[in-house]
Amino acid sequence: MSYDEVYSRSLSDPDGFWGEAARSIHWEKPWDRVLDDSNPPFYRWFSGGELNTCYNALDRHVAEGRGDQAALIYDSPVTGAKRTYSFRELTDEVARFAGVLAGLGVTKGDRVIVYMPMVPEAPISMLACARLGAIHSVVFGGFSSKELATRIDDAKPKVIVAGSCGIEPNRVVEYKPLVDQAIELSSHKPEHCVLLQREQGPGTLVADRDLSWEEAMAGAEPHPCVPVAATDPLYILYTSGTTGVPKGVVRDNGGHAVAMHWSMKNVYDMEPGEVFWAASDVGWVVGHSYIVYAPLLYGCTTVVYEGKPVGTPDAGAFWRVISEHKVSVMFTAPTAFRAIKRVDSQGEFLRKYDMSHYRTLFLAGERCDPDTLRWAEEMLEVPVIDHWWQTETGWAIAANCIGIEKLPVKPGSPTKAVPGYDVQILDAEGNEQPSGEFGRIMIKLPLAPGCLPTLWQNDERYRDSYLSSQPGYYLTGDAGLKDEDGYLFIMSRIDDIINVAGHRLSTGGMEEVLSSHADVAECAVIGAADKLKGELPVGMVVLKDGVDRDVQEILEELIALVRAKIGPVAAFKKVTVVERLPKTRSGKILRGTMKRIADGEDYKMPATIDHPAILGEIEEALKGIGYAKRE
Ligand code: COA
Ligand code: AMP
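In every chain, residue numbers begin from 1 and rise along the written sequence. Think of it this way: whatever chain is written first is A, whatever ligand is written first is 1, and the rest follow in order. Reporting in this predicted model follows two pLDDT cut-offs: at least 70 for local features of residues, and 80 or more for side-chain atom pairs to be given and counted; totals over whole chains, interfaces and linings ignore these cut-offs and use all residues. Derived side-chain values reflect all non-hydrogen atoms in the structure, with water molecules and hydrogen atoms excluded from consideration.

### Brief notes about the site of ligand 2
Next up, step 1: Around ligand 2, a shell composed of 15 residues is seen, among which His387, Thr391, Asp478, Arg493 and Arg504 lie nearest.
Next up, step 2: A distance of 2.5 Å is found between an oxygen atom of ligand 2 and a side-chain nitrogen or oxygen belonging to Thr391.
Next up, step 3: Per-residue and other accessible areas were derived by the Shrake-Rupley procedure at a 1.4 Å probe size, with only the shown protein chains allowed to occlude residues. Relative to its unbound accessible area of 500 Å², ligand 2 is 92% covered by the protein chains.
Next up, step 4: Classification convention: Asp, Glu, Lys, Arg as charged; Ala, Val, Leu, Ile, Met, Phe, Trp, Tyr, Cys, Pro as nonpolar; all other residues, Gly among them, as polar. Partitioned by chemical class, the residues of the shell around ligand 2 number four nonpolar, five polar and six charged. Throughout, near means a residue has at least one heavy atom within 4 Å of the molecule or strand. Two N or O atoms form a polar contact when they lie within 3.5 Å of each other; inside protein one atom must be a possible hydrogen donor and the other a possible acceptor, and for residues adjacent in sequence the pair counts only when both atoms belong to side chains.

Given below as structure tokens:
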């Protein structure tokens, strides 16, 4: 069947389409309804059905003869460690860790926060939660203790599973003190913390609350899989919203398992038994879906890589992993390729490795600029596929579904809507835009299986944030266009979200932090273009009247404050003092205009600006920190 046929069937007959796809999953109890549309605008998939996601990802493969096949390869250039787990070994480890959690009182529906670096114990913890029907919430290691505390208060975990440290190329990041501070800051107090002690930076155990992974595992009994409802939550993953309060995206068990399994063949063209590598982090949605769940559900081998594209030890790191572990398909963010290209534009390192079994590169997380796409194609001599998705959807909304039919690539476009998603470009009034016209990118409800059914214990915020701007549609927050062939172009965000090295951050959240500084009267943060990371946050602050402290000192404090309150991942390093901020007569800060100035682009004087001279002052201030350059 062609892409067009598959796509139109997915929309005209969702019950038949996803009902067939769901046969690939092992169900403890079959569903009553494939698409449950009894309570719009909330839709559920496979209601009445029961399954266990961990069983489908692990035990089932052992039962079906894959026990000796590699399930997970851990490759850590930052520590020198390499370890392979077969499906049988991984099942045993997960079952035992589920026993540990059960011993600490974790049962179906309880939450467990996982705050770990890229070590096998991270997926093991996630799968152990899934095994018990408990709900994991993984927090990326680059977030601060305050961000961790916010998530603890929202998810109210019974247990936190942490690594004692993460290893960045330039330093060891002690995670345990961050966990302790977060528990101190939070109102909710988890009962226990299980700590994976790493020799590069062991942590201190708090008596009566903490226990080490090793000691806990030593006495643990394996725990069987607990069946859960298809509509029960598998995990919560917090993502940046338009304020400093992150959104707890909920993922269900049934729709997710079906979508993950289906995507491995149809989007990525994988076969069970092959090696799939998503070079991301388990703290991001890409890591949840394509390091942990999808490859394992499909019977593939997954790679857990603790390293960077460059510097661990060199720009050949990715090629070494692909060659050594016989990776068929790799998935990462364009920023990683920009980092490699910067160091090795001629691909000298690539020539050292046998890449003969490598088939396709998938990119996502940020817009893939055509230069990076072409460079990757020329170097690797394999198809390079940009695909577009977000934490909320959990898998691709638009892609070149090469497992169905490989469509021609148009640089700058992630190709067409994936089956299951009715993607439309709407104008401000809710009318569909003609092809080629810019507008808000919306998805007509229902969303495909696997997408968020709601936000954690917050139906109202789900409805307000995503469903209220256009009844019957989901607001993606992205803007762009569809061309005459139905190809989507994702051009910008319509909110204050910026994308830094494929990481999603809220400038509003950073503004909240800057405003909390005693000397700051008001401020603005914009995402300025960056050749490596796509965008970088740039702050402009107006100091309170009468502040006569050393300005440099204040700027350093502001940088340290964002690092402490949000985390190093914010990459907030550029901030300057301005006399005043440009505003409209109604008081709205003109962030869009400031971004154009920072990027050295032409800008129109906004008709509603209150003091036009301010823009000249802003340009001068931005020049002072290396922006507003005209090429
Ligand atoms: N724990 C603690 N700190 C972390 C961290 C973690 N897990 N991950 C990153 N950080 C820190 C970094 O050390 C850095 O700190 P610094 O300011 O002291 O240098 C800061 O957070 C910013 O990190 P990052 O954005 O990753 O920048 P980088 O300069 O270290 O690396 C790239 C740049 C492009 C190489 C890197 O971002 C990358 O590989 N990205 C591509 C893939 C990816 O992960 N995409 C995610 C979605 S698919
Ligand atoms: P996250 O939730 O962190 O995965 O970030 C999702 C956001 O990243 C999307 O809403 C887009 O703004 C951006 N994004 C992700 N993938 C792409 C892509 N392939 N092209 C353009 N933007 C992308």
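### A short note on the domain arrangement of the protein
Next up, step 1: What marks off one domain from the next here is an automatic or database domain assignment. Partitioning the protein into structural domains gives domain 1 (3-307) and domain 2 (501-623).
Next up, step 2: Spacing between the C-alpha centres of domain 1 and domain 2 amounts to 37 Å.
Next up, step 3: If you look at the interface, domain 1 gives 14 residues, while domain 2 gives 14 residues.
Next up, step 4: Taken together, the two surfaces of domain 1 and domain 2 that pack against each other cover about 1100 Å², and 52% of this comes from carbon and sulfur.
Next up, step 5: For this analysis, a salt bridge means a side-chain nitrogen from Lys or Arg found within 4 Å of a carboxyl oxygen belonging to Asp or Glu. Our count for the domain 1 to domain 2 interface comes out at zero salt bridges.
Next up, step 6: A class-by-class count of the residues in the side of domain 1 that touches domain 2 yields three nonpolar, eight polar and three charged. The contact rule is simple, with two residues in contact once any of their heavy atoms fall within 4.5 Å. Here the quantity called buried area is the total loss of accessible area, with a 1.4 Å probe, experienced by two parts when brought into contact, counted for both.

### A short note on the side chain of Ser47
Next up, step 1: For the purposes of this entry, the term helix denotes a DSSP run of H or I that reaches at least four residues, the term strand denotes a run of E that reaches at least two, and both are numbered from the N terminus. With respect to the helices, strands and loops of the structure, Ser47 is situated in strand β2 (residues 42-47).
Next up, step 2: Reaching out from Ser47, the side chain makes a polar contact with the side chain of Asp36 at a distance of 3.1 Å.

### Looking at the sheet that holds strand β19 (residues 360-363)
Next up, step 1: Sheet architecture is open: seven strands sit in the order β5-β4-β17-β16-β18-β19-β20, paired in mixed fashion. Because the sheet does not close on itself, it has two edges, and the strands there are β5 (81-86) and β20 (384-386). Averaged over all pairs of adjacent strands, the angle between strand axes in this sheet comes to 20 degrees, irrespective of strand direction.
Next up, step 2: The strands touched by helix α10 (residues 285-297) are β4 (70-76), β16 (275-278), β17 (301-305) and β18 (327-332); relative to β17, the strand with the most contacts, the crossing angle is about 150 degrees. In this description, strands pair whenever DSSP reports at least two bridges between them. In this analysis an axis means a line fitted to C-alpha atoms, helices contributing only their contacting stretch, and an angle means the value between N-to-C directions, from 0 to 180 degrees.

### Some details on the site of ligand 1
Next up, step 1: Taken together, 26 residues sit near ligand 1, with Glu168, Arg171, Lys533, Arg563 and Lys573 positioned nearest.
Next up, step 2: Lys533 is positioned with one of its side-chain polar atoms (N or O) 2.9 Å from an oxygen atom of ligand 1.
Next up, step 3: Starting from 940 Å² of accessible surface for ligand 1 in isolation, the protein chains cover 86%.
Next up, step 4: Secondary structure elements with two or more residues in the shell around ligand 1: β10 (171-174) and α12 (334-343).
Next up, step 5: For the shell around ligand 1, the residue count by class is 12 nonpolar, eight polar and six charged.

### Comments concerning the pattern of salt bridges
Next up, step 1: A full pass over the atoms with the stated rule returns 42 salt bridges.
Next up, step 2: The closest approach of N and O atoms between Glu64 and Arg60, which form a salt bridge, is 3.2 Å. Here Glu64 and its partner Arg60 are both found in helix α3 (residues 53-66), four residues apart, which amounts to about one turn of the helix.
Next up, step 3: Only protein chains enter the area calculation, which uses a 1.4 Å probe; residues under 20% of their type maximum are buried, those over 50% are exposed, and those in between are partly exposed. Under the relative-accessibility criterion, Glu64 is labelled exposed at 56%.
Next up, step 4: Residue classification places Arg60 among the buried residues on the basis of a relative accessible area of 14%.
Next up, step 5: Its salt-bridge partner being Glu274, residue Arg359 comes within 2.9 Å of it at the nearest N-O pair.

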